[in-house]
Amino acid sequence: MKFDTSGLESATPAFGAPSLLGDEFSAAPSFPVPNTTDFDGFQKEAIQMVKPAKGTTTLAFIFQGGVMVAADSRASMGGYISSQSVKKIIEINPYMLGTMAGGAADCQFWHRNLGIKCRLHELANKRRISVTGASKLLANILYSYRGMGLSVGTMIAGWDETGPGLYYVDSEGGRLKGMRFSVGSGSPYAYGVLDNGYRYDMSVEEAAELARRAIYHATFRDGASGGVASVYHVGPEGWTKLSGDDVGELHYHYYPVTPSTVEQEMAEVAGA
Amino acid sequence: MARYDRAITVFSPDGHLFQVEYALEAVRKGNAAVGVRGTDIVVLGVEKKSTAKLQDSRSVRKIVNLDDHIALACAGLKADARVLINKARIECQSHRLTVEDPVTVEYITRYIAGLQQKYTQSGGVRPFGLSTLIVGFDPHTGVPSLYQTDPSGTFSAWKANATGRNSNSIREFLEKNYKETSGQETIKLAIRALLEVVESGGKNIEVAVMTKEHGLRQLEEAEIDVIAAEIEAEKAAAEAAKKGPPKET
């Protein structure tokens, strides 16, 4: 398995090691292949076996006040809830956030690696890297590991010289620029609430409330999402954590229990 | 048996890299090149040896584009220059691909200087025999810059500089006469500097001008002749002024 030490090199080669004089285009890709007759079928099986179902709900959207990022905190292994307190919003640096969906280890490691690359870029070029550049660096790395079983569905949100930026990057090598994204098994439910309530001119409080409700509704219907709904805001000064509410408590906050007329019913039945 | 890991550039007992110094000699024998930075414009000028009668002068362009907003002129071994320029052009596009941004002048200068240094510390190769003058505009701030690299791989930013034949005299002239200029004044300053060491006339110098809006523009021979004539006239006027007043007293 190729290990990425390219944080210290000047360019990331897509395959092979560069020759001594740095000619990145001459080396051909080479890696050991398994000894089987049906290589493609074997690959598909292996990937399906390893592929975690991206059980999570994360979302992010751009509005007039910057970028709002929110996520749940449940980790599941099949039907077993392995943790209710996973940090799915990763702080790449003081002005950029990444969200985690898919393999927890993959997301954590590659976001950390991206943070290193961003810092090295800053040191070499005496200016911060743009959200565009950071997301492209991550997408290129993930593309070079395409087909090798990485599972990453992440959003890179940040604020740079050109204003707020939001990109979706995944382990298939895809990279999309957009205003609203939701990733994970709970994303259809989050999209429903998010798309319905979204307006560009929301205030920061309104946007935070929309993000919180979207995560809550996803955790209500999706078994693989739950725990704590965290909401972060990325503004011109960087990111701040706005809230982290347990979704169980949020449920009763949105739908308070009305006292029922239970006593009367019981009395009637006893009388008959 | 490949014996290319025998280093060619090694230290001398008193701490010199002779191959690098010899490369600098090659640069000193190359055509004069001058670069001047203005407030909104950068100018490159290169001495052009008179083209042979049968030679197509258009194929001997000495000032080249590295990208829309970066240009390069060099002094020294032109064949080495071709290799370096090709690698730099690829790097400019590669940078656009990986970070979706054009290179800054400093970045590509650092890259070229890094390449030149690599060839002083690798087996089986000799250093590049050229110094480059790199000009351009920062894609974000629009600030113009002029950088110079040399065969040892060092680089620095300059307000005005010269390299190649007689570069010392040109630099002295620039040090005496440089001031912040813009537009046509900068072009005149660059041509005046070059004409210190080159025979006057449009067919002996190649001048290119880069602005933020229009990119790189090569000046026509006729244009250069006009400016050269202006410079001559100004010089003659200055001479006359010097001789004039004393007679009256």
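Refer to the structure printed above.
Keep in mind the model is a prediction, meaning the values are calculated, not measured.

**Q** Describe the overall build of chain B, with residues and values.
**A** Along its length, chain B carries six helices and ten strands. For 249 residues, the compact-globule estimate of 2.2 N^0.38 gives 18 Å, and the C-alpha radius of gyration of chain B, at 20 Å, lies within 12% of that figure. Once the C-alpha set of chain B is aligned to its principal axes, its extents read approximately 80 × 45 × 40 Å. Put simply, chain B shows about 13,000 Å² of open surface, and 52% of that area lies on carbon and sulfur atoms. When the 33 positive and 33 negative side-chain charges of chain B are each reduced to one mean point, those points stand 5 Å apart.

**Q** So what about the side chain of Asn161 of chain B? Which residues, and what values?
**A** All names here are of chain B. Its location among the elements puts Asn161 in strand E8 (residues 160-163). A polar contact of 2.8 Å, which involves the side chain of Asn161, links it to the side chain of Arg171. Leave out the neighbours within four places in its chain, and Asn161 touches Ala33, Val34, Gly35, Leu133, Leu146, Gln148, Arg171 and Leu174.

**Q** Explain unusual backbone geometry to me, and be specific about the residues and the numbers.
**A** Within the chain, Lys126 of chain A stands out as a residue other than glycine whose phi angle is a positive 55°. By relative accessible area, Lys126 of chain A is classed as exposed at 70%.

**Q** How would you sum up the packing of helix H2 (residues 104-125) of chain A against helix H3 (residues 131-144) of chain A? Please name residues and give values.
**A** All names here are of chain A. The N-to-C vectors of H2 and H3 enclose an angle of 130°; their axes lie 10 Å apart at closest approach. On the basis of their axis angle, the class for H2 and H3 is oblique. Of the two elements, H2 crosses H3, and the hand of that crossing is right-handed. Each of Trp110, Asn113, Leu114, Lys117 and Cys118 in H2 lies in contact with H3, whose residues at this interface are Ala134, Leu137, Leu138 and Ile141. Here the residues of the contact of H2 with H3 are counted per class, giving seven nonpolar, one polar and one charged.

**Q** Account for the nonpolar core, naming residues and giving values.
**A** Residues and elements named next belong to chain B. With 26 residues, the main nonpolar core has Ile170, Leu174, Ile187, Ile191 and Ile205 as its most contacted residues. Sorting the residues of this core by element identifies strand E1 (33-37), strand E2 (41-47), E8, helix H4 (167-177), helix H5 (184-195), strand E9 (205-211) and helix H6 (221-248) as the ones contributing at least two each. Of all the elements, H5 adds the most residues to this core, at seven residues. Setting aside residues no more than four positions away along its own chain, Ile187 makes contact with Ile41, Val43, Val209, Leu219 and Ile227.

**Q** Go over the sheet that holds strand E5 (residues 89-93) of chain A, please, and point to the residues and values.
**A** Think of a sheet as strands paired side by side through backbone hydrogen bonds, with each pair either parallel or antiparallel. Residue and element names in this part refer to chain A. Reading across the sheet, the five strands line up as E5-E6-E7-E8-E9 and stay open at both edges, with antiparallel pairing between neighbours. Of all strands in the sheet, those bounded by a partner on one side alone are E5 and strand E9 (175-177). On average, each strand axis in the sheet is inclined to that of its neighbour by 20°, with strand direction left out of account. The sheet contact formed by strand E8 (residues 163-170) and E9 spans three bridges and is antiparallel. Counterpart to Val169 in the pairing with E9 is Arg175. Its contacts with the sheet put H2 on E5, strand E6 (96-99) and strand E7 (153-160), and the angle it makes with E5 is roughly 15°. Contacting E6, E7, E8 and E9, H3 runs over the sheet at an angle of about 5° to E8.

**Q** With reference to specific residues and values, describe H4 of chain B.
**A** Residues and elements named next belong to chain B. Inspection of H4 places Ser167, Ile170, Phe173 and Leu174 among the buried residues, and these make up the whole buried set. Buried residues of H4, seen end-on, are gathered within an arc of 125° and therefore sit on one face of the element. Set apart from the buried face of H4 by more than 90 degrees, the exposed residues are Asn168, Glu172, Glu175 and Lys176. Buried residues along H4 sit against E1, E8 and H5.

**Q** Break down the sheet that holds strand E6 (residues 144-149) of chain B for me, with residues and values.
**A** Residue and element names in this part refer to chain B. Reading across from one edge, E3-E4-E5-E6-E7 is the order of the five strands in this open sheet, with antiparallel pairing throughout. The sheet terminates laterally at strand E3 (63-67) and strand E7 (155-157), the two strands that pair on one side only. Averaged over all pairs of adjacent strands, the angle between strand axes in this sheet comes to 25°, irrespective of strand direction. Bridge analysis of strand E4 (residues 70-76) against strand E5 (residues 130-137) gives seven bridges, and the strand direction is antiparallel. Across the sheet, residue Ala71 finds its bridge partner in E5, namely Val135. Its contacts with the sheet place helix H2 (residues 78-99) against E3, E4 and E5, and it is angled at close to 25° to E3.

**Q** Could you give an account of H2 of chain A, naming the residues involved and the relevant values?
**A** Taking 1.5 Å of rise per residue, the 22 residues of H2 of chain A would be expected to cover 32 Å, and the 31 Å separating its terminal C-alpha atoms lies within 8% of that figure. For H2 of chain A, every residue scored as buried is listed here: Asp106, Cys107, Trp110, His111, Asn113, Leu114, Gly115, Lys117, Cys118, His121 and Asn125 of chain A. Structurally, H2 of chain A contributes buried residues whose contacts are with E5, E6, H3 and E7 of chain A together with helix H3 (105-118) of chain B. At the exit of H2 of chain A stands Lys126 of chain A, carrying a positive phi of roughly 55°.

**Q** Talk me through the packing of aromatic side chains; I want residue IDs and the actual numbers.
**A** Tallied over the full model, the rule gives twelve aromatic pairs over all chains. Judged by centre distance (4.9 Å) and plane angle (90°), the rings of Phe109 of chain A and Trp110 of chain A are edge-to-face. Pairing Tyr119 of chain B with Phe128 of chain B gives two aromatic rings, centres 4.6 Å apart and planes at 50°, and the pair type is tilted. The class of Phe128 of chain B is buried, set by a relative accessible area of 6%. Among the aromatic residues, those joined into a cluster by ring pairs are Tyr216, Phe220, Tyr254 and Tyr255 of chain A. Seen from the ring of Tyr95 of chain A, Arg128 of chain A lies directly overhead, with NZ or CZ sitting 4.0 Å from the centre.

The rules behind the values
Residues numbered from 1 in each chain as written. Chains lettered and ligands numbered in written order. Predicted model: local features only at pLDDT ≥ 70, side-chain atom pairs only at ≥ 80, totals over all residues. Heavy atoms only, no water. Helix = DSSP H or I, 4+ residues; strand = E, 2+ residues; numbered from the N terminus. Rg over C-alpha atoms; globule rule 2.2 N^0.38 Å. Areas by Shrake-Rupley, 256 points an atom, 1.4 Å probe, with all protein chains shown as cover. Lys, Arg positive; Asp, Glu negative; His and termini not counted. Charge placed at Lys NZ, Arg CZ, Asp CG, Glu CD. Polar contact = N/O pair within 3.5 Å; in protein donor to acceptor, adjacent residues only side chain to side chain. Contact = heavy atoms within 4.5 Å. Buried < 20%, exposed > 50% of the residue type's maximum accessible area, 1.4 Å probe, protein only. Axes fitted to C-alpha atoms, helices over the stretch in contact; angles between N-to-C directions. Parallel < 35°, antiparallel > 145°, perpendicular 65-115°, else oblique. Left-handed = near helix turned anticlockwise from the far one by under 90°. Nonpolar A, V, L, I, M, F, W, Y, C, P; charged D, E, K, R; others polar. Core = buried A, V, L, I, M, F, W, Y, C linked by side-chain atoms within 4.5 Å. Pairing = 2+ DSSP bridges. Arc of directions from axis to C-beta. Expected span 1.5 Å × (residues − 1). Phe/Tyr/Trp six-rings, centres within 6.5 Å; stacked < 30°, edge-to-face > 60°. Lys NZ or Arg CZ within 6 Å of the ring centre and 35° of its normal.

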